[in-house]
Structures are given as structure tokens and as C-alpha cells.
Amino acid sequence: GFANKTKMNLFTAINSAMQTALETDPSTVIFGEDVGFGGVFRCSTGLRDQFGSDRVFNTPLSETGIAGFAIGYAAQGGTSVAEIQFADYIFPALDQLVNEMSKFRYRSGNQWNCGGVTVRTPVGAVGHGGHYHSQSPEAYLAHTPGLVVVMPRGPRAAKGLLLSSIRSKDPVIFMEPKALYRASVEDVPDDDYMIPLGKAEILRSGSDVTVVGWGGQLRILQKACDMAQSEHGISCELIDLRTILPWDVDCVVDSTEKTGKLVVSHEAPITCGFGAEVVATVQERSFLSLEAPIQRVCGYDTPFPLVFEKYYIPDELKNLEAIKKVVDYAQ
Amino acid sequence: LALSLLLVATIVSIIHASRGLFVECDVMSCHGGVSSLRNANNSICIASFPNLISAQDEDGCFRCPSNDGYVDPERDTSAGSSRKESTTISPPPDDNASSTSKHDLASLRSLLSSKYPFHANEVLDNVLLQSSPHDFADTGSDNTLLRAQRQMIRLRQMDNILQNAQRQGRISFYMTCRGEEAIHIGSASALKQQDVILAQYREHGLLMWRGFTLEQFTNQCFSNDLDLGRGRQMPVHYGSRALNYHTISSPLGTQIPQATGVGYKLKLDAAKMEDPSEAGIAICYFGDGCASTTDFHAGLNFAATLKAPVVFFCRNNGYAISTSVEDQYAGDGIVCRAPGYGMAGLRVDGNDAFAVSAAVRKAREYCLTNNAPILIEAITYRQGHHSTSDDSSRYRCPKEVHDHSTSTDPVKRLNKFLHRHGWVSSDDTAKIRDEERMAVLNAMEAAERRPPPKLDTLFADVYEEMPLHLRRQEQQLQQHLAKYPGRY
């Protein structure tokens, strides 16, 4: 346990992690659009004043430029923390992420690497974001060997995961659930601490159903698990993947072999969402342990709608139904 | 803005293509590079710096491959050991009577500066006309100018032979740089060891000047166990951390904003250095087609606004595969974009090794002095096909290629220059050609005989440490191979 903790929301926790990174590694630089004055979500507040505009600065408006610049800076031995203002705008950078960043070490025969890169970007529904301020593009990036993709579920996880991401020797895409920036408040250690990448976390132990999610979805899944327990006596084991790529297969497999039932939930559209990867792997590893078909509770295969967001979201009621369905099937 | 205007619209020298000499003229502006490119016999216009930067006299210092610092003891394929068995050619025979004046750089500089007083300052500073502080590993001599000639010849022999090797089915793919050798050797000579090169794919002469050996080139092309890239990429996708040359990737233009990031880091590092002569720049190469990409725009704009010391070097060789420059842009070449970014720029005759060397040397000094980027456009001509997958006779007439290869060819031009000043005879040049040809053939045959890398390298280096899922996939493959021995 840590001695000193402070109540922090998500953007404060991320700010704390970046401040720690800037303090402990003099080669760290933070950049992106509007990062200088504090960022549109206030994640970089105060950092330019404290560390100077050489190290915390605005770039021109170009995601491919931001990503390419980050790679070059890291290849030259520095630690670059690049912000893409909304994950919806990461697509111009996809060539740099997929063709360059992910292959940089491999293609050079391990002579060169850009492990010093961390790309931070807000993801997910926020109530009024519509098509272009709500996307969760983890599936596009998880399909890219060589990248690491991380998504924290709240402030405490975010600070530790972000410090691990920044210090990782591999390039990391760090996805921040924007709905949690102000809304999620937790006790976060003031200290420098890291949470390991590539490891899922079991948030609650259970015996009847394994429920898996990541990022902002965990809040919804907690509610669904609560309702399952209180209304139906169903004991759910809830897992936060934390790292999407590479993901903690054994944790989910072991849990599913214990419970025999699995529900996977994510906001992103269901077809080819990352849930499909989880389902395919688990059924391959644990087919005979399954007592019911695996359920995915996800966004529909439409662009993220504005006026109908509440219908689109895989909310706690839809997840409760999926939990009940697998339990009923197994009986 | 005033600075960039000063640099672009300045007194120019016209290089008369067929004579290979500096000829003075006081034309005040460049005509559009486009049309002059296609008419080989027209004068080619270059812009050169006035004595804008009172640079310290560079003592001809540039990197010498025998001083490579990085050797990985676990991989005896490293630059170090390969270079020891390098392409050491015996130096030209020591003819006591005439060698002192024959190959004496000091007396050549004297002669040139008195004959061309307008160029006297440049003659004294030009790196190609300076002795190297150390003997070069491949020539065993400190004579830069002779090494330049020899390497251009070696580069061309390597291109000819490896292109033929592809046609014979011995390697899968190749790209030549025929016609652009002056850009490679000229710019490489003006760089220092700490300058980081990010290239496109047609810049292998820079790597050669830095000290990449014929063995290393051919090992990569044959994807054998000594390839520094571990057989992962197509031929000509070279890279060398030891020589500060980023590994080539096929996507165009991605290197440009990366170069800006490299330059920015170099700037921050330079601010902490005690010895400012150790500061470096990033230099980024790309062609006329690549200058149309979004990454070009992003990279230059970032470098100008963030003040990164980067030389952006455009090899305008007239073609992007089959697309001639007429279909590539409507403006006056590439350099005209520099003022749009608030950046300095200059255009240079890419077939003149001395001019390119001068341009890069001055550009480098400019970047370091001002912590600012600069755009160089070198006008040249792609004499060869785009690659071995291309047949350029389908989109351009043989006469055009022939005209350029006779009148503006950089290798011929340097040979003529040396010949004119009594440095080489045609017999000498023919002898060098034969020596280099043999060296390439020997290296290639040795590379061809070597085995591929070990199969376990397939799963390594995706991440710094191999994650569990890749270890499992590796096991799957091994189990499959155990079931089907001899089928792969």
C-alpha cells in the first residue's frame, strides 16, 4: 500500500503520471495539438510551465506528423509522449503506426527501435460525441504485431499503466476513456508506481460466469454484475484486460474453465471487434469446459449515433441479459 | 522570409553539362527546372550560397569507416568484422615522378582557385578536395577525391551486377541509382558521423561512403545469415545503426516527419554538449514523387515550426515510376515550396558532386547555426528503371535516356574532371572499373553461398522481449515442421 494518496480524476491521474515521467527521464517530451496550454481535456495542465516549452509543446495540426515525429524522436534515444486529440482522428496516422512504428525494430534486425514512443488518445462514448468523438478503435490497432495497446478503467489504473507504457521498451498506444476524465474519481497514490503491461486484473471473484471488458466498459459491467448477484444470485467473475495487445489469454481461459460461461463486452462495433479475438481464443483453448455459447455484448454495426446513443451502448441491462442467458443455457 | 529569398534568388553558377567544369555566369534567377530536365543539352541551373555563412574551415573531416564504434560481440556479422575483410583495393601504383603533383589535393585546390577565382572560397572548403584526417578503410589512402571516383564506379558496378543477378533469378528484386551517384557521394562527403540519415530507397551510395561494405550490401540482397536486417525485408532495404543510417522501408515519405523528430532530439542534445562540433543534424532523402505525400507536408511544416535542424534533400530525378514530373506537380519543382513553410531552400545540380557537396556542407552549417531546417532540391535524372519490376522503355524514349547518360552522367563527369587535371588516364579508370567489378562479383558470390538466417529469428524482435503468444506460435511452427520434415 502507498502512504500518500490523493483523490484524483482521470485527467489528474494522467497529469500526475506525465509529470513523474518528465521528472524522472530528462529525455521525455510531451507534444500534440493544444498540449501546451493544458490540452482540451486538461491532461497536460501545468506541465509546460514546470518543464519548459522545449519539452511540452504544441505541434501543427497533423496526426501523421505527430506520429512520425514521435517515432523519430524515440529512435534517436528519447522518450516521446504524443497526444492524438481524439482517437477518431488517429486514422491519418495509421500508416506511421502500422507500417513504421510497429515494424521499426523487426525490420531493422533489432538495430533500431522506437520503444520510447507512447501515443495517448481519448476513446469512447461521452454522451454527445456522435460519429467522430466517440470511437474506440482498439481493434484496428490490436491487429498490428509490434504495437502494445493499453486501456485503463479508471484513474488509479491509468497512472500506473501510463508510467509502464511510457517506460516500456516497445511502442504503446494508450487509450483513455474520455467519459471518465472528470467523472471517475479514485484514491490515487502520489508516488511513482507502475502496473505491469500484458496482465489482466480480476476485479471480483465469482463462480458462475466470467465477464470480460476493458476501459470505460468496466463501470457498466460492475453494475451488471451487481444486478446479477442481487436480483438473480449469480456470482460473476469480472476481468479487466487492461492490455489489449498482447492480452492475458491465460487469465481469461483459466477463469472460463472455472465458470464454464463467458460474456465479453465492448462499446466498439461487434463485427471484428476485439471481443471476437477473445471469443475465438477461449473457445479454441477451453471448448470442453464451456457450458454455453460465449456471448458478446457490443455496439451495433453502425457508425456511432448521436441521438440514439443510449440505445446503441452495450449497457448494464444488455449485459445482465447476456449473463442470465448463459446461466439459463447451462442449466 | 528575407533570408530564404536571399538563398534562393542569388548569384548562380551554370554548370555546362558536357564539359564538367565550373563556368561563371551572372544569371539572377533559375528557370524552371522541369523543362531543362528533359533537354539534356541545355544548361542546368543551380543556385548556390553566397558567402552567407562564415563557416569555420572544415578540415575535410568526415567519417572514416575504420573508426566505427558499434560492434556487437554476439553478432560477428557486425560492421566491425565484415569491414575488416572489406573491399580493400590496392591503391593506385605509386609513381614517384608524378604522384605528388598528380594526386596532390593541395596543388589541385591551388590550381582551381586561381583558375576560377569566383569559386576560390568554395574550392578551399569543399570536402571532396580535402584530405581525410584518416585513411579510408577501402582505399587505404586519405585521398578523398580519388575515393569519390572509385566509389562512384563501385556503386555503378554494384548496380549493374546486382540488377543482372535479379534478371538471372538469383535475387528477387533490385533498385539501381544510376545517374544519381553525385548526389550520394557528394552529400555523404559533406556529412559527419553524428549526422543521422533517413533515406527513401535510392540512396545506397551514402551508405557506401559511410563504410557499408560490398559484403554487407550483398548479404542483405541475398537475405543470408549475415544480413543485418535478418532477412526480413526485400533487397535494397538496407540499414545500419553503426553508420547512423535508418533502415529503409517501402512506404514513401514516412521518413520525413521521422527526420524532424530525430532532428529535434539532436537539437536538445546539442544544447547540452560541451563540444559544439559534435552536434549533428538529421538529413532526409526523398524523390520528386514522394514530395507529393502528406508526410512531406507534415514533416517540413513541423521542422519549420518546431525549429528542427533537418536537411530535407529532394532528389528530383524526373520520374516517379512512370509518372514524369509534369504529372507530379504544377509549380516550379520542389524547392519553391520552402518559402511556403517559412523555410530556407536551395536548388543544386545533382549531377555535380562538388556542387552537391558544397550545398550539403553549407546546408548543414545553416541548420546547426540557426536550429532551423532547409530544403535542398537536386536536379538529376533517373537513368535506370524504377526497379527490376519496371521497364521504363514503356513510358520514355531511349533517346532521352541516352542523351542524359552521355551528357549529364555524374560518373563520366567526374572522370572527365580528373582526366582533365591529369589525375587519371582512361587506362586508370578502366582498371578501377575492373577492380571494382571483381570486388562486387566476389562479394556477391560469397553472399550467395551463405545460408539463410536461423528460423527462430522469425519470431524475434517483434517486441523487445518475445511475448507468450509468439512463443506459443513458434512452438506450433516447430511441431508442424517436425511432422513434415523436408517439405519446407
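See above for the structure.
Residues numbered from 1 in each chain as written. Chains lettered and ligands numbered in written order. Predicted model: local features only at pLDDT ≥ 70, side-chain atom pairs only at ≥ 80, totals over all residues. Heavy atoms only, no water.

Engineer: Is there a simple way to think about the packing of helix α7 (residues 144–167) of chain B against helix α10 (residues 214–221) of chain B in this case?
Structural biologist: Two measures define how a pair of helices packs: the angle their axes make with one another and the distance between the axes. All names here are of chain B. In contact at an axis separation of 12 Å, α7 and α10 are set at 25 degrees when each is read in the N-to-C sense. The angle between α7 and α10 places the two elements in the roughly parallel class. Relative to α10, the crossing made by α7 is right-handed. Two secondary-structure elements touch here, α7 through Arg 154, Met 158 and Leu 162 and α10 through Leu 214, Phe 217, Thr 218 and Cys 221. For the contact of α7 with α10, the per-class residue count stands at five nonpolar, one polar and one charged. (Axes fitted to C-alpha atoms, helices over the stretch in contact; angles between N-to-C directions. Helix = DSSP H or I, 4+ residues; strand = E, 2+ residues; numbered from the N terminus. Parallel < 35°, antiparallel > 145°, perpendicular 65-115°, else oblique. Left-handed = near helix turned anticlockwise from the far one by under 90°. Contact = heavy atoms within 4.5 Å. Nonpolar A, V, L, I, M, F, W, Y, C, P; charged D, E, K, R; others polar.)

Engineer: Could you clarify how one ought to interpret the layout of surface pockets in this entry?
Structural biologist: If you roll a probe as big as a water molecule over the atoms, it shows you where there is empty space left. Reported here for the largest pocket is a volume of approximately 1,400 Å³. In this structure, the largest pocket is lined by 43 residues; those nearest its centre are Pro 246 and Trp 247 of chain A together with Pro 467, His 469 and Leu 470 of chain B. Listing elements by their share of the lining of the largest pocket, those giving two or more residues are α6 (138–142), α7 (155–167), α10 (249–259) and α11 (274–286) of chain A together with α17 (468–483) of chain B. For the lining of the largest pocket, the element with the highest residue contribution is α17 of chain B, accounting for eight residues. Taken together, the residues of the lining of the largest pocket break down into 19 nonpolar, 12 polar and 12 charged. (1 Å grid on protein atoms, 1.4 Å probe; cavity = no way out; pocket = protein on both sides within 12 Å on 5 of 7 lines; lining within 4 Å. Points joined across faces, edges and corners; volume = space filled by probe spheres on them.)

Engineer: Where do I start with the pairing of strand β14 (residues 295–299) of chain A in this structure?
Structural biologist: The side chains of a regular strand alternate, first on one face of the sheet and then on the other. Residues and elements named next belong to chain A. Counting buried positions along β14 yields four of five residues, so the element is predominantly enclosed. Pairing analysis gives five bridges linking strand β13 (residues 262–269) to β14, with the strands arranged parallel. Each bridged residue has a counterpart across the sheet, and for Ser 265 the counterpart in β14 is Val 297. Each parallel crossover has a hand, and for β13 linked through α11 to β14 it is right-handed. (Buried < 20%, exposed > 50% of the residue type's maximum accessible area, 1.4 Å probe, protein only. Pairing = 2+ DSSP bridges. Right-handed = clockwise from strand over helix to strand, strands pointing away.)

Engineer: Sorry, what's going on with the nonpolar core here?
Structural biologist: Within soluble globular proteins, side chains that are nonpolar tend to cluster in buried spots. Ranked by internal contacts, the top residues of the largest apolar core, which has 89 residues, are Ile 14, Leu 97, Met 101, Trp 214, Leu 241, Val 252 and Val 278 of chain A. Contact partners of Leu 241 of chain A, with chain neighbours within four places excluded, come to Lys 199, Ala 200, Val 212, Gly 213, Trp 214, Trp 247, Val 252, Phe 274 and Val 278 of chain A. Counting 81 residues, the second-largest nonpolar core is a separate cluster that includes Val 123, Leu 214, Phe 313 and Ala 344 of chain B. (Core = buried A, V, L, I, M, F, W, Y, C linked by side-chain atoms within 4.5 Å.)

Engineer: How do you make sense of the pattern of salt bridges when you look at a structure like this?
Structural biologist: Pairing is possible between side chains that carry opposite charge, provided their charged atoms lie close to one another. Residues and elements named next belong to chain B. Within the structure shown, the criterion is met by 38 salt bridges over all chains. For Asp 461, the salt bridge identified is with Arg 230, shortest N-O distance 2.7 Å. Of this pair, Asp 461 sits in the loop between α16 (426–449) and α17 while Arg 230 sits in the loop between α10 and α11 (255–271), and the two are 231 residues apart along the sequence. Lys 265 is paired through a salt bridge with Asp 269; the nearest N and O atoms lie 2.9 Å apart. Taken together, the residues span about one helical turn, with Lys 265 and Asp 269 both in helix α11 at a distance of four residues. Under the relative-accessibility criterion, Asp 269 is labelled partly exposed at 22%. (Salt bridge = Lys/Arg side-chain N within 4 Å of Asp/Glu carboxyl O.)

Engineer: Please explain the sheet that holds strand β7 (residues 172–177) of chain A as it appears in this structure.
Structural biologist: Residues and elements named next belong to chain A. Read from one edge to the other, the open sheet built from seven strands follows the order β3-β2-β4-β5-β7-β6-β12, with strand pairing classed as mixed. The two strands at the open ends of the sheet, each matched to only one other strand, are β3 (56–58) and β12 (243–245). Neighbour to neighbour, the strand axes of the sheet diverge by 20 degrees on average, direction disregarded. Summarising the sheet, strand β2 (residues 28–32) and strand β4 (residues 79–83) pair through five bridges and their orientation is parallel.

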